[in-house]
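Overview (structure and organization)
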Amino acid sequence: MQNENGTLQQAPTGFARVCALALGALAALCGCDGGAGYQRGWAGGWTYGGAAFTPGDPTTFQPLSPHFGRDAQQGYCRGSAVEGSEGATFEALSEHEARDSRAVYYCKTYRKAQEYWAYQHLRTTTIPGADAASYRVLAHGHAHDRHRAYDRGQPFAVRDAASFEPLSPRFARDAQRGYFEHAEIPASHGPSFALMDEDDPGYARDRTHAWHGHIEVNQPDRGPHPVLRLLRGADLATLRALGRGYAADARRVWYQGEPLARADAASFTVLSNATATATADVDVDARDRTQAWQRGRIVAGKDPGPAAR
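Our subject in this report is the structure included herewith. Computed from a prediction, not measured in an experiment: that's the story for all the values here.

**A few points about the environment of Ile185**
Inspection of the secondary structure puts Ile185 in the loop between strand E19 (183-184) and strand E20 (194-195). Overall, Ile185 belongs to the buried group, its relative accessible area being 1%. Placed 26 residues apart in sequence, Ile185 and Trp211 show a C-alpha to C-alpha distance of 9.5 Å. With sequence-adjacent residues up to four places away left out, Ile185 is seen in contact with Phe171, Arg177, Gly178, Tyr179, Phe180, Phe193, Trp211 and Leu228.

**Considering the pairing of strand E22 (residues 210-216)**
If a strand is regular, its side chains alternate between the two faces of the sheet. Burial analysis of E22 places 6 of its 7 residues in the buried class, which makes it a mostly covered element. When strand E21 (residues 203-205) meets E22, the two strands line up antiparallel, connected through 3 bridges. Counterpart to Arg205 in the pairing with E22 is Ala210. The turn joining E21 and E22, which pair antiparallel and follow one another in sequence, is formed by 4 residues.

**Re the pattern of salt bridges**
Close approach of charged atoms allows side chains with opposite charge to pair. What the rule picks out here adds up to 10 salt bridges. Here Glu181 makes a salt bridge to Arg170, at a shortest N to O gap of 3.5 Å. With Glu181 in the loop between strand E18 (178-180) and E19 and Arg170 in the loop between strand E16 (165-166) and strand E17 (171-173), this pair connects stretches of sequence that are 11 residues apart. For Arg170, a relative accessible area of 39% corresponds to the partly exposed category.

**Considerations on empty space enclosed by the protein**
The final tally for this structure, using the stated rule, is 1 cavity of 30 Å³ or more. For the largest cavity, the calculated volume is near 30 Å³. His142, Phe156, Phe164, Arg170, Ala172, Tyr179, Phe180, Glu181 and His182 together form the lining of the largest cavity. For the lining of the largest cavity, a count of residues per class yields 5 nonpolar, 2 polar and 2 charged.

**Notes on the nonpolar core**
Grouped together as the largest cluster of nonpolar side chains are 11 residues: Tyr246, Ala248, Val253, Tyr255, Leu260, Ala263, Ala265, Phe268, Val270, Ala286 and Trp293. Among the elements of the structure, strand E25 (246-248) and strand E26 (253-255) are those that each provide at least two residues to this core. In this view, Leu260 contacts Tyr246, Val253, Trp254, Tyr255, Trp293 and Gly296; residues no more than four positions away in its chain are not counted. By size, the runner-up hydrophobic cluster in this structure holds 10 residues, among which are Tyr203, Leu231, Leu236 and Ala247.

**Brief notes about unusual backbone geometry**
You will see that Arg78, though not glycine, has its phi angle at about 50 degrees, which is positive. Within the secondary structure layout, Arg78 lies in the loop between strand E6 (75-77) and strand E7 (80-81). Judged by relative accessible area, Arg78 falls into the buried class, the value being 14%. The residue Glu181 is not glycine, and still its phi comes out positive at about 50 degrees. Judged by its relative accessible area of 27%, Glu181 is partly exposed.

**A closer look at the side chain of Glu97**
Structurally, Glu97 is set in strand E9 (residues 97-99). This buried residue, Glu97, is left without a salt bridge; Arg152 holds the nearest opposite charge, at 9.2 Å. A polar atom in the side chain of Glu97 sits 2.6 Å from the side chain of Ser94. Residues in contact with Glu97, not counting those within four places in the same chain, are Phe68, Ala92, Tyr105, Tyr106, Tyr135, Val137 and Ala143.

Rules used throughout
- Residues numbered from 1 in each chain as written.
- Predicted model: local features only at pLDDT ≥ 70, side-chain atom pairs only at ≥ 80, totals over all residues.
- Heavy atoms only, no water.
- Helix = DSSP H or I, 4+ residues; strand = E, 2+ residues; numbered from the N terminus.
- Buried < 20%, exposed > 50% of the residue type's maximum accessible area, 1.4 Å probe, protein only.
- Contact = heavy atoms within 4.5 Å.
- Pairing = 2+ DSSP bridges.
- Salt bridge = Lys/Arg side-chain N within 4 Å of Asp/Glu carboxyl O.
- 1 Å grid on protein atoms, 1.4 Å probe; cavity = no way out; pocket = protein on both sides within 12 Å on 5 of 7 lines; lining within 4 Å.
- Points joined across faces, edges and corners; volume = space filled by probe spheres on them.
- Nonpolar A, V, L, I, M, F, W, Y, C, P; charged D, E, K, R; others polar.
- Core = buried A, V, L, I, M, F, W, Y, C linked by side-chain atoms within 4.5 Å.
- Lys, Arg positive; Asp, Glu negative; His and termini not counted.
- Polar contact = N/O pair within 3.5 Å; in protein donor to acceptor, adjacent residues only side chain to side chain.

And the structure:
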């Protein structure tokens, strides 16, 4: 056969077709597209992720990103039309977000347990209330427009949307307040609100307070839920995050924001995973001069180690 440039091109054999279909199925099952995205097919048509894809207006179709595309009629996400979209102004904003002159869209894939997670489904929705003209994608799955903030396409209220800034997947700030899991932190000071340590994003502080936030999953009578604790009485001048959920100032030690009454702040040391494994103390994550610790609890019968000597 001839390709679009008039050059002779060998037609794919039956075996090649089978291989292409198998690879496409494997990519879909694994939840990826093998980096293919939109590509020209053998006969000049289009494919998405190795599967045949026919846009409404093939002559004007153009890929915008690995997952988004458009033609003169409408926008497309992962090889499917975005219902109600306007092709002329449709543009990709991120892996999941796109917009046109009228709306912002969020596109994601999901699987169903009743199908044994075997099939990948696509869901594209209009983000409710989003202002397309001012919508901006930020870090950690967040975005904002002139009215509100968004997390993975879900809107939530903040004091000053224009200055909203995510600091981690869970902590954020604007010009007035700090936030944890979309909720305003009372009495927080937005301009000075920051993570205590980029490598230990559970702890945050401002000019007068410090907090620890995490998702609690160990309550059998309650599903996962956010927990934010104020580090009462913390000396901010000496306070530091130690890793593995611990923090300390010159006098006290905390685990996930809870003070450890019997911990010795001066000698308290958090063990890395590598150190704990190398010393066969996988049930110990910290030590001080008198005892060993695991997840904020004293481990009975353990040598406190060099800190005691």
